[in-house]
Structure formats: structure tokens, C-alpha cells
Amino acid sequence: MTVNFEVADGVGTIRLDRPPMNALDIATQDRLRELAEEATRRDDVRAVVIWGGEKVFAAGADIKEMQVMDHAAMVVRSKALQDAFTAVARIPKPVVAAITGYALGGGCELALCADFRIAADNAKLGQPEILLGLIPGAGGTQRLARLVGPSKAKDLIFTGRQVKADEALTLGLVDRVVPAAEVYEQAHAWAARLAAGPALALRAAKESVDAGLETDIDTGLTIERNWFAGLFATEDRETGMRSFVEEGPGKAKFR
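Predicted model only: the values in this text are computed from it and were never measured. (Residues numbered from 1 in each chain as written. Predicted model: local features only at pLDDT ≥ 70, side-chain atom pairs only at ≥ 80, totals over all residues. Heavy atoms only, no water.)

A word on the sheet that holds strand β7 (residues 124-126)
In step 1: One open sheet holds the three strands; their spatial order is β5-β7-β8, and the pairing between them is mixed. Two strands lie at the open edges of the sheet, namely β5 (102-104) and β8 (162-164), each paired on one side alone. When strand polarity is set aside, the average angle formed by the axes of neighbouring strands in this sheet is 20°.
In step 2: Note: β7 against β8, three bridges, orientation antiparallel. Within the sheet, the bridge partner assigned to L125 lies in β8 and is V163. (Pairing = 2+ DSSP bridges. Helix = DSSP H or I, 4+ residues; strand = E, 2+ residues; numbered from the N terminus. Axes fitted to C-alpha atoms, helices over the stretch in contact; angles between N-to-C directions.)

What follows is the structure, given as C-alpha cells:
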């Protein structure tokens, strides 16, 4: 398999495993979609880490595979490509990308599908598709602009340049930079902390933010209000409030 899935202590790790550079060929894209859907379904998965291993996250699409595709073939394939990445973005649980080495093209777009990005101090990110006479096709023009703003996104997309970890942090493209040897450990710790939290409230928070960004503020506030009120019907809300009153903040143990 070019992508593997392991679950421990409520954290599911989606591990890219297509050496040497984790090029995202069609089989890998389809496997990503399958595993994202599995992570969504499984009750024992409460948070997710996306990781490419110690050396590289993903250096982009499989260019040799794409080179032989004509317009008609890509009309068919491009929807499946986007669907694979959207399945990752729509996992209704906290998702963190653990970025080592290169995250370029499709690799960068995959990282954009996470809620939080932890990068190695030697990581390099970018959208180099323009250098091939193309544009990002797995969500890069949309998710990157929403994350860092349109001007910064256009700079990266128009030039195709790679940015080092420190610049990526300044741009807001990643959220934390750590030594390369600590990337997975810190990503797993972030996920494990949230895996112990209230699952429905985390789902509500993620959907409220993500869906709200796609609409006007009044509709976003309606989404928030409906989730907020709905959580009053959950056991986690009862547990959290009872613990707060009896023990003080931050001590609730959610099932």
C-alpha cells in the first residue's frame, strides 16, 4: 500500500509510504480518500495525524503519470483528485499535518487540508505547478488563499517558489516549526490531547469554523448557534459542566 493507517490511543495516523518522495499518483490519491473516509467512520479514531515519514511529506503529483494524460483524461480525473483531498479536509475530527522535508504541489495541498500544521525546521513548502504550465488542481488556489490571504497565495502560485519553514511560519502557512526529529512526536501529542476531549463539541467547532468561512457572517452565526444549542443535548456537555462546578476548570474526563 502507498498509504497506511494505524490507530493508537484514539489517534489515527495516515502515513504516506511511496518512496523515495511520496509522489501522489492516482493509486495514492484514491487510497487517501479511502482512509479519510475510514477515519471519519471509526469511533475509535478521535483525531488524525497525516505524516510522510522522517524524510519527506510529499513532493507533489506523479509527473510521469500526468505527462501522458490528455485533456479528456484529466477532465475525468481532476474531480477524483479534488474529491480525495476534500475527503481529508472534511474528516470531522481534529487533523494535524506533520511536515518533514518537501511538501510541494499536491503535498502542500494535502497539508492545507489539515486543521493544524507542524513543520520540521528543514521543511520546504510551495505550489510549483506554474513551472509546468499548470495551476494547483487539488484545492491549492482555494485553500491556500483562504489560509494566508489572496495576495500571499498569488505570490506563491504565480512564482512557484519554495518557502523554507521560517518563512512558511511567518506567512501562516504552517503553525509551528520544530526540530525535524520531533515533528511526528509533537503532531501526535497535539492529536492525542484533542482525542481525549469532547468529540461532538470538537466536531461542532470544526464544522462551524469551516462552514462559516464559506458563507456570510449571519449564516455563519446561525450555524454556530444551532451547534451550540445542540450540544446541550450531549453527555459531554453534562460531564464538562458538572466537572467545572464540582472540581474547577479543565479537569473533565470525557468518554
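Moving on from the model shown.
Things to note about the sheet that holds strand β9 (residues 176-178)
In step 1: Read across the sheet, six strands follow the order β1-β2-β3-β4-β6-β9 without closing on themselves; strand pairing throughout is mixed. Every other strand in the sheet has two partners, leaving β1 (3-8) and β9 as the edge strands with one partner each. Across this sheet, the average inter-strand angle for adjacent strands is 20°, counted without regard to direction.
In step 2: With five bridges joining them, strand β2 (residues 11-16) and strand β3 (residues 47-51) adopt parallel strand pairing.

So, the nonpolar core
In step 1: Formed by 61 residues in total, the largest nonpolar core has its most connected members in F57, I99, L125 and L173.
In step 2: Residue contributions to this core peak at six residues, all from helix α3 (residues 71-89).
In step 3: Residues contacting L173, with those up to four places away along its chain left out, are C108, L112, R117, L125, L144, L147, V148, L156, V163 and A168. (Core = buried A, V, L, I, M, F, W, Y, C linked by side-chain atoms within 4.5 Å. Buried < 20%, exposed > 50% of the residue type's maximum accessible area, 1.4 Å probe, protein only. Contact = heavy atoms within 4.5 Å.)

Quick word on the side chain of T13
In step 1: Within the secondary structure layout, T13 lies in strand β2.
In step 2: Within the structure, the side chain of T13 is placed 2.6 Å from the side chain of Y184, a separation counted as a polar contact.
In step 3: Setting aside residues up to four positions removed in sequence, T13 forms contacts with N4, F5, E6, V49, W51, Y184 and H188. (Polar contact = N/O pair within 3.5 Å; in protein donor to acceptor, adjacent residues only side chain to side chain.)

Observations regarding the pattern of salt bridges
In step 1: The final tally for this structure, using the stated rule, is 14 salt bridges.
In step 2: Of the charged contacts in the structure, one is a salt bridge between E37 and R33, with a shortest N-O distance of 3.8 Å. With E37 and R33 both in helix α1 (residues 26-41) and four residues apart, this pair spans about one turn of that helix.
In step 3: Take E37: its relative accessible area is 37%, and that puts it in the partly exposed class.
In step 4: For the salt bridge of E38 with R42, the shortest nitrogen-to-oxygen distance reads 2.8 Å.
In step 5: By relative accessible area, E38 is classed as partly exposed at 23%.
In step 6: Where salt bridges share partners, they join D30, R33, E37 and R77 into one cluster. (Salt bridge = Lys/Arg side-chain N within 4 Å of Asp/Glu carboxyl O.)

Describing the state of the cysteines
In step 1: Under the criterion given, the structure shown has zero disulfides.
In step 2: With no disulfide of its own, C108 lies closest to C113 among cysteine sulfurs, the gap being 10 Å.
In step 3: Residue classification places C108 among the buried residues on the basis of a relative accessible area of 1%.
In step 4: Judged by its relative accessible area of 3%, C113 is buried. (Disulfide = S-S within 2.5 Å.)

Remarks on the packing of aromatic side chains
In step 1: Going through the model one piece at a time under the given rule, you end up with three aromatic pairs.
In step 2: Above the face of the W51 ring, R15 is positioned so that its terminal group lies 4.8 Å from the ring centre. (Phe/Tyr/Trp six-rings, centres within 6.5 Å; stacked < 30°, edge-to-face > 60°. Lys NZ or Arg CZ within 6 Å of the ring centre and 35° of its normal.)

Considering the pairing of strand β4 (residues 95-99)
In step 1: Counting buried positions along β4 gives five out of five residues, so the element sits mostly inside the fold.
In step 2: Burial along β4 is two-sided: the face carrying V95, A97 and I99 and the face carrying V96 and A98 are both buried.
In step 3: Where β3 meets β4, four bridges bridge the pair, whose relative direction is parallel. Bridge pairing in β4 links V48 to V95.
In step 4: Alignment of β4 against strand β6 (residues 116-120), held across four bridges, turns out to be parallel.

Overview of α1
In step 1: Its 16 residues place the ends of α1 23 Å apart at the C-alpha level, agreeing with the 22 Å of an ideal helix rising 1.5 Å per residue.
In step 2: Residues T28, Q29, R31, L32, L35, A36 and A39 constitute the buried set of α1. Take α1 and look down its axis: the buried residues cluster within an arc of 160°, on one side only. (Expected span 1.5 Å × (residues − 1). Arc of directions from axis to C-beta.)

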